[in-house]
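Given next are the chains, with one letter for each unit.
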Number of protein chains: 2
Amino acid sequence: MSTSTDSYALPGPPDIARSLRRERRTGVVPGLHHRPAAPADPVKAAEIDRRLETWARGLDLFPEAWKGDFSGFQFGRAVALQHPGALDLDRLTVAGKLLPAENVVDSCYCEEDEGRGGARRGLGARLIMAQSAIDPYHGVPELEEEWRAGMRADGPLRSYHFALADYAGFATSSQTDRFVHDIARLHMGYLAEAAWAETRYVPQVWEYLVMRQFNNFRPCLSIVDAVDGYELPEQIYARPEIQRVTALACNATTIVNDLYSFTKELAGDPDHLNLPQVVAANDRRGLKAAYLKSVEIHNRIMAAFEEESALLSAGSPLVERYVQGLAAWVSGNHEWHATNTHRYHLPDYW
Amino acid sequence: MSTSTDSYALPGPPDIARSLRRERRTGVVPGLHHRPAAPADPVKAAEIDRRLETWARGLDLFPEAWKGDFSGFQFGRAVALQHPGALDLDRLTVAGKLLPAENVVDSCYCEEDEGRGGARRGLGARLIMAQSAIDPYHGVPELEEEWRAGMRADGPLRSYHFALADYAGFATSSQTDRFVHDIARLHMGYLAEAAWAETRYVPQVWEYLVMRQFNNFRPCLSIVDAVDGYELPEQIYARPEIQRVTALACNATTIVNDLYSFTKELAGDPDHLNLPQVVAANDRRGLKAAYLKSVEIHNRIMAAFEEESALLSAGSPLVERYVQGLAAWVSGNHEWHATNTHRYHLPDYW
């Protein structure tokens with residue numbers, strides 16, 4: 001076991017202060033419990049990026065303004081880190097296609113402050129079409145044809161539609177449906193976040209975390225079995241205890257995003273909700289104290305994931321493989337955030 | 001086979017005109033293809049209503065202003081008509097609980113013109129909490145406790161939460177997850193409809209029908225196997241062809257609602273979107289012609305459901321049982337709409 005601090009026990013404030021000083025230069029959020037990721041093969045990552053750019057260019061997926069971000073995002077490196085057990089490069093490439101698809105929808109439909117067309121007003125109408133791109137309309141032939149034409153109307157819709165078609169090429173119908181459900185969750189999360197921004201509502205911490213369980217990396221994690229070339233059968237996946245460890249892993253890794261995005265998000269929009277901001281608003285303490293408390297919340301959710309998934313694994317090699325896949329994704333995602341200095345940098349509290 | 005017209009062949013305009021005159025007094029939309037429902041036992045319906053009212057009173061589910069509608073809605077009769085093959089009264093009662101739960105969320109969170117607190121503004125925030133009531137938050141114990149308290153905060157949340165808990169008492173985890181996904185679809189549909197209302201966007205017909213595939217009776221239909229006491233295994237349910245016939249049945253029966261609600265909705269809000277209105281706006285013809293064209297769209301979707309589900313049934317008794325359950329729901333729902341004159345009456349074109 002390895003974490004960014006010396007021990008797995010949750011560090012108290014003095015430990016955090018020490019680890020802050022020690023880790024300042026490493027790019028890792030001080031005190032954040034994480035596990036080392038399997039290194040990503042740079043040749044493999046570059047090959048995935050090459051395939052993704054060819055795919056994106058062929059389908060004209062991205063607006064001009066977004067193209068500069070493509071290499072900065074490091075999609076290939078991201079999926080290579082997140083799916084160390086991927087069956088082959090083809091599956092890894094499809095996992096890679098889902099990432100820019102999710103990002104371009106968020107960027108072009110949702111985010112007002114990115115200047116790429118995103119807006120809160122009318123968002124529900126744009127997102128129903130995005131959902132429809134992966135959850136097809138059924139009716140009479142001429143209306144279905146109009147739907148198909150509509151789904152080719154812009155890059156975000158084409159991204160979702162064609163990325164999912166490729167995913168469904170190797171995933172089972174159940175795994176595909178799982179993804180469709182998780183994107184529905186994601187869209188509801190986007191819509192809740194937009195509603196709060198519109199009404200300038202500052203949620204309680206639990207309310208924020210409920211929203212963040214929806215506006216979440218879950219669609220990326222729940223594909224781990226398909227990318228690794230097997231299926232956690234749906235009747236196991238659907239069990240409440242498997243749903244719970246899935247949600248815990250997804251919530252932990254999503255809070256990691258809040259912690260690493262904190263500086264970037266505040267620079268773009270001082271009212272952008274993220275966990276440290278929400279904790280600060282509720283506790284009426286400074287942002288640094290709130291940031292440290294947010295790290296602690298993350299660490300406790302990670303601990304719950306690790307403890308509960310170990311218990312579930314004891315009885316089932318298949319469940320063990322699945323939760324190891326989740327854990328690998330969490331580790332790889334942490335590594336990507338901690339090293340992707342193109343996008344992220346830590347607050348300069350320390 | 002029996003339909004409201006003499007033959008199953010889609011009636012042309014003169015046939016419709018004849019059937020209009022003939023059926024005007026029956027309460028059935030003229031020319032609408034439908035099948036007779038198994039009659040509902042009034043004693044059973046009354047017993048379900050009695051149980052539902054006890055349940056609703058015990059949990060204080062409904063706002064004062066809504067209580068008058070309880071008997072008018074005829075929940076007990078609705079589920080008795082829709083689930084003629086229900087295993088027992090307990091399952092039928094739980095199907096009954098889901099109906100007012102869905103209605104109270106729609107009425108109190110979404111519908112601005114009903115005067116019960118519904119509003120477009122902030123809707124995404126309310127619906128994420130509603131979704132969370134059936135898709136629980138996972139984190140650290142004290143935040144989960146705050147979530148649990150939050151889910152008891154109002155009647156709509158309690159309705160969803162406790163109705164789903166009862167459903168999960170007999171449904172498998174897969175069947176429960178299916179319902180949770182379908183409610184996510186429903187919420188996205190509500191949000192798209194609200195976005196269009198806010199921006200005063202008049203959709204094309206295919207766009208409207210995409211939205212209506214989400215804002216749809218689907219959560220009521222996809223429980224037919226659980227209520228009847230068996231499971232269509234998820235790996236069959238998830239197959240594209242089963243998803244397709246499910247969507248066709250759900251879309252047909254949802255358009256039935258548009259046709260029967262037409263007069264009521266226009267009286268409440270002249271801009272309320274429904275299929276005849278959207279067809280009229282796009283075709284620039286009168287509402288009567290648009291209404292007749294909407295009936296035709298419905299009939300063709302019903303025909304597609306019946307043809308395709310017959311083909312799928314040929315190979316599998318389990319699929320046959322499932323699609324018969326869908327068809328029974330569609331018939332029962334039609335009967336309920338056609339006879340529930342407390343809520344619905346036809347436009348006086350004929």
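As annotated in an unreviewed UniProt entry, chain A carries the name Terpene synthase and is attributed to Streptomyces griseoluteus. Regarding chain A, the UniProt comment filed under Sequence similarities (unreviewed entry) reads as follows: "Belongs to the terpene synthase family. 2-methylisoborneol synthase subfamily." Comment text from UniProt for chain A, heading Cofactor (unreviewed entry), reads "Mg(2+)".

A.B. asks: Quick rundown of the interface of chain A and chain B? Include the residues and the values.
C.D. replies: Taken together, the contacts link 59 residues of chain A with 59 residues of chain B. When the two sides are added together, the surface that chain A and chain B hide from each other amounts to roughly 5100 Å², 63% of it contributed by carbon and sulfur. Taken together, the connections running from chain A to chain B amount to six salt bridges. Measuring nitrogen to oxygen at the nearest pair gives 2.8 Å for the salt bridge that ties R185(B) to D135(A). Here chain A and chain B share 16 residue pairs in polar contact (both at pLDDT 80 or more) between them. Top element by residues in the side of chain A that touches chain B is helix 10 (residues 173-199) of chain A. It accounts for 16 residues. Of the residues in the side of chain A that touches chain B, the class split is 29 nonpolar, 17 polar and 13 charged.

A.B. asks: Provide a residue-level description of the side chain of N274(B), including the pertinent values.
C.D. replies: Residue and element names in this part refer to chain B. Inspection of the secondary structure puts N274 in the loop between helix 14 (240-268) and helix 15 (275-283). Its relative accessible area of 0% is what places N274 among the buried residues. A distance of 3.2 Å separates the side chain of N274 from the side chain of E265, its partner in a polar contact. Beyond its immediate sequence surroundings of up to four residues, N274 is in contact with Y208, D258, F262, E265 and L266.

A.B. asks: Lay out the pattern of salt bridges in plain terms, naming residues and giving numbers.
C.D. replies: Residues and elements named next belong to chain A. Applying the stated criterion across every chain yields a total of 36 salt bridges over all chains. E306 is paired through a salt bridge with R35; the nearest N and O atoms lie 2.4 Å apart. In this pair, E306 sits in helix 17 (residues 287-314) while R35 sits in the loop between helix 1 (13-23) and helix 2 (42-58), placing the two residues 271 residues apart along the sequence. With its nearest N and O atoms 2.9 Å apart, the salt bridge here joins R51 to D90. Placement of R51 in helix 2 and of D90 in helix 6 (residues 89-110) is noted, with a sequence separation of 39 residues between them. Look at the salt bridges and you will find they share partners, linking E47, R50, R51 and D90 into a network.

A.B. asks: For empty space enclosed by the protein, give the residues involved together with the corresponding values.
C.D. replies: For the structure on display, the rule yields eleven cavities of 30 Å³ or more. In this structure, the largest cavity spans a volume of roughly 190 Å³. R120(A), E198(A), R120(B), L191(B) and E198(B) are the residues nearest the centre of the largest cavity, which is lined by 17 residues in total. Breaking the lining of the largest cavity down by element, the ones donating at least two residues are helix 7 (123-132) and helix 10 of chain A together with helix 6 (123-132) and helix 9 (173-199) of chain B.

What counts and what doesn't
Starting afresh in each chain, residues are numbered from 1 along the sequence in its written order. All chains are assigned letters beginning at A, and all ligands numbers beginning at 1, according to the order in which they are written. Local features in a predicted model are, by the rule used here, given only for residues with pLDDT of at least 70; side-chain atom pairs are given and counted only at 80 or more, and totals for whole chains, interfaces and linings are based on all residues. Processing note: side-chain calculations cover all non-hydrogen atoms of the structure and skip hydrogens and water entirely. UniProt positions are given in the numbering used here, feature names are shortened, and annotations may be inferred rather than shown by experiment. For this analysis, residues touch if any pair of their heavy atoms sits within 4.5 Å. Buried area adds together the accessible area that both of two parts lose upon being put together, with accessible area traced by a 1.4 Å probe. Salt bridge, as applied in this entry: a Lys or Arg side-chain nitrogen positioned within 4 Å of an Asp or Glu carboxyl oxygen. Pairing of N or O atoms within 3.5 Å defines a polar contact, subject to two protein rules: one partner must be a possible hydrogen donor and the other a possible acceptor, and residues neighboring in sequence count only if both atoms are side-chain atoms. A run of H or I in DSSP becomes a helix once it reaches four residues, and a run of E becomes a strand once it reaches two; helices and strands are each numbered from the N terminus. Gly counts as polar in this scheme, as do all residues outside two lists: the nonpolar Ala, Val, Leu, Ile, Met, Phe, Trp, Tyr, Cys and Pro, and the charged Asp, Glu, Lys and Arg. For every residue, the accessible area (1.4 Å probe, protein chains only) is compared with the maximum for its type, and the residue is labelled buried under 20%, exposed over 50%, or partly exposed between those bounds. In this analysis the probe radius is 1.4 Å and the grid spacing 1 Å, with only protein atoms considered; a cavity is a set of points the probe fits into but cannot get out of, a pocket is an open set with protein on both sides within 12 Å along at least five of seven lines, and lining residues have an atom within 4 Å of a point. Grid points are joined across faces, edges and corners, and a volume is the space filled by probe spheres set on the points.

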